[in-house]
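Okay, here's what each chain looks like letter by letter:
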Amino acid sequence: MQQAVFLLLLAVTTWLVYRRVVVIRKTIALGREENLRDQPRKRLAMMLRIAFGQKRMFDRPVVGFLHFLVYAGFLLINIEVAEIVLDGLTGSHRLFTSFMGSLYAPLIGFFELLAIGVMIACAVFLFRRHLLKTRRLQPALHREMKGWPALDATIILCTEIVLMIAILSMNAADQVLQQRGHVHYPLTGNLLFSQFLTPLFTNWETGSLVIYERVAWWFHIAGIFAFAVYITYSKHLHIVLAFPNTYFTRLQPLGKMRNMPEITKEVQLMLGLPVEHEEGETNVQEQFGAKDVQDLSWKSLLDAYTCTECGRCTSVCPANMTGKLLSPRKIMTDTRDRLEDIGRQIQTKGAPADDGKSLLGDYIKEEELLACTSCNACVQECPVLINPLSIILELRRYQIMDKAQAPNSWNMMFQNMETSQAPWKFSPGDRFNWVKELNK
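Residues numbered from 1 in each chain as written. Predicted model: local features only at pLDDT ≥ 70, side-chain atom pairs only at ≥ 80, totals over all residues. Heavy atoms only, no water.

A.B. asks: For the overall build of the protein, give the residues involved together with the corresponding values.
C.D. replies: Scanning the protein for helices and strands turns up 18 helices and zero strands. Taking the principal axes of the C-alpha coordinates as reference, the protein spans close to 95 × 55 × 40 Å. The buried share among the 440 residues of the protein stands at 46%. Contacts in the protein between residues at least 24 apart in sequence constitute 75% of all its contacts with a sequence separation of at least 6. Accessible surface computed for the protein: about 23,200 Å², of which carbon and sulfur atoms make up 63%. Across the protein, 47 positive and 41 negative side-chain charges occur, with their mean positions spaced 5 Å apart. (Helix = DSSP H or I, 4+ residues; strand = E, 2+ residues; numbered from the N terminus. Buried < 20%, exposed > 50% of the residue type's maximum accessible area, 1.4 Å probe, protein only. Contact = heavy atoms within 4.5 Å. Areas by Shrake-Rupley, 256 points an atom, 1.4 Å probe, with all protein chains shown as cover. Lys, Arg positive; Asp, Glu negative; His and termini not counted. Charge placed at Lys NZ, Arg CZ, Asp CG, Glu CD.)

Shown next, in the form of structure tokens:
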């Protein structure tokens with residue numbers, strides 16, 4: 001009976017995760033092509049250092065260490081989860097004891113140590129978020145954190161604490177049943193932390209103890225399966241996507257903007273420089289920049305799904321600091337919200353449909369784009385190498401170059417750049433007159 005129920009639960013979880021992964025993959029594939037497969041060794045080193053090694057998280061050592069506890073716990077405790085899955089499939093109990101022998105107890109003890117670390121870290125994060133009220137995490141100060149984003153973080157932190165309590169109490173009940181010689185529970189010896197919880201169960205009847213241990217076992221594995229489905233809808237999808245996102249990061253120096261070939265050729269013609277034309281090339285450009293997510297690079301769409309909503313980007317944004325509407329975190333969450341809307345269209349209709357909406361205008365406002373100084377502070381700060389600036393620039397290019405909707409002061413600067421090769425209106429021959437004053 002256990003095996004049948006477990007197989008059904010595993011099958012449902014696998015199907016739900018697979019269906020969700022297909023939708024995410026299709027929405028990311030809507031983005032325009034961008035070749036980010038060069039220098040594989042450098043990319044692999046970047047992924048190992050940033051995603052696996054958590055390098056940027058340790059720029060803030062205390063938070064970095066606590067995050068590493070949760071991260072390491074997630075990775076390594078999965079070995080014990082693998083044993084639970086195999087137990088569920090085979091109908092056995094603590095399958096790994098049969099070939100690990102005396103090494104089994106120290107291994108589970110190490111996992112219990114990680115579980116305690118996860119509980120402490122999650123408790124600290126809840127304290128920082130709700131009692132210490134870390135500024136960048138407060139919905140009252142950042143509108144993109146209102147509602148679901150704030151609730152999402154709390155749900156995950158509380159769920160992890162509950163799951164760790166379940167596994168520790170399950171191990172404690174298991175040890176009491178071992179001591180009573182129950183046939184289903186092989187001897188493991190005392191475990192590192194759960195042995196101190198056994199006094200809570202010593203006065204229980206054996207039948208009640210078996211029921212509690214089984215309920216805790218099912219609760220833990222069902223919780224793990226539910227978590228696997230949940231993270232595909234949550235900001236915690238970065239647990240998985242941080243690896244491909246850091247691998248496919250843009251390797252050019254920060255501050256280097258992608259030039260549009262069509263504009264580059266126009267500038268070259270204006271300056272009298274030779275221009276190379278490829279065979280069959282047309283000079284007609286249907287659209288400049290990006291209006292919707294389909295006009296962005298697939299990497300920018302992957303960035304949106306990878307965003308951790310930590311707010312580090314917003315906390316260092318000079319425009320945001322001065323009270324302007326721009327929040328780089330909101331740029332990423334708005335892009336993901338737009339992708340989610342399109343994903344629902346794909347699920348129901350099989351393909352994206354024209355819903356009369358676009359990323360620019362319906363999700364991200366002109367005021368947000370114009371506030372950006374292109375300083376790259378948000379890009380430098382992101383712990384998983386997300387680039388909000390690339391989205392801002394593409395949307396701003398559409399707004400200005402395609403729709404001709406730029407502030408008058410910007411239009412004057414553009415005109416001066418075109419006629420005088422400088423932002424100010426004076427003769428090009430006078431551009432370097434200011435140098436004469438340096439020698440006085």
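A.B. asks: Go over the pattern of salt bridges, please, and point to the residues and values.
C.D. replies: Throughout the structure, instances matching the rule amount to 17 salt bridges. Linking Arg329 and Glu144 is a salt bridge whose minimum nitrogen-to-oxygen distance equals 3.0 Å. On the criterion of sequence distance, the pair formed by Arg329 in helix α13 (residues 328-349) and Glu144 in the loop between α5 (104-130) and α6 (148-179) is long-range, its members being 185 residues apart. By relative accessible area, which is 9% here, Glu144 ends up buried. For Asp334, the salt bridge identified is with Lys330, shortest N-O distance 2.4 Å. Residue Asp334 and its partner Lys330 are located together in helix α13, separated by four residues, close to a single helical turn. (Salt bridge = Lys/Arg side-chain N within 4 Å of Asp/Glu carboxyl O.)

A.B. asks: Lay out the nonpolar core with the relevant residues and their values.
C.D. replies: By size, the foremost hydrophobic cluster in this structure holds 45 residues, and its most contacted members are Tyr305, Leu326, Ile331, Met332, Leu359, Ile364 and Leu395. With six residues, the top contributor of residues to this core is helix α17 (residues 388-402). Once residues within four sequence positions are removed from consideration, Leu359 is found in contact with Lys291, Asp292, Val293, Leu296, Asp334, Thr335, Arg338, Ile364 and Leu395. Counting 34 residues, the second-largest nonpolar core is a separate cluster that includes Val81, Tyr104, Leu126 and Ile161. (Core = buried A, V, L, I, M, F, W, Y, C linked by side-chain atoms within 4.5 Å.)

A.B. asks: I'd like a rundown of unusual backbone geometry, residues and numbers included.
C.D. replies: The backbone of Gln39 sits at a positive phi, close to 50 degrees, despite the residue not being glycine. Within the secondary structure, Gln39 sits in the loop between α1 (2-28) and α2 (40-52). Not every positive phi belongs to a glycine, and Asn376 is a case in point at roughly 75 degrees. Tracing the backbone through its elements, the reader meets Asn376 in the loop between α15 (366-371) and α16 (377-381).

A.B. asks: So what's going on with α6? Which residues, and what values?
C.D. replies: Because the α-helix completes a turn every 3.6 residues, residues three or four places apart line up on one side. With 32 residues, α6 extends 46 Å between its outermost C-alpha atoms, agreeing within 8% with the 46 Å of an ideal straight helix rising 1.5 Å per residue. Of all 32 residues making up α6, 24 are buried, and the element is well covered by its neighbours. Looking at the residues trailing α6, positive phi occurs at Gly181, about 75 degrees. (Expected span 1.5 Å × (residues − 1).)

A.B. asks: Lay out the confidence of the model for the protein in plain terms, naming residues and giving numbers.
C.D. replies: Looking at the protein, the pLDDT average stands at 88 and 97% of residues meet or exceed 70. The spread of mean pLDDT over the elements of the protein runs between helix α9 (residues 261-270), the lowest at 76, and helix α10 (residues 298-306), the highest at 96. (pLDDT = per-residue confidence, 0-100.)

A.B. asks: Break down the environment of Thr188 for me, with residues and values.
C.D. replies: Locating Thr188 in the fold gives a position in the loop between α6 and α7 (206-230). Along the backbone, Thr188 and Lys26 are 162 residues apart, and their C-alpha atoms lie at a distance of 47 Å.

A.B. asks: Before we move on, could you go through the environment of Glu381 and cite the residues and values that matter?
C.D. replies: With respect to the element layout, Glu381 can be found in helix α16. Looking at Glu381, the relative accessible area reads 21%, which means it is partly exposed. For the pair Glu381 and Cys317, spaced 64 residues apart in sequence, the C-alpha to C-alpha distance is 9.7 Å. A distance of 2.9 Å separates a polar atom in the side chain of Glu381 from a polar atom in the side chain of Arg60. (Polar contact = N/O pair within 3.5 Å; in protein donor to acceptor, adjacent residues only side chain to side chain.)

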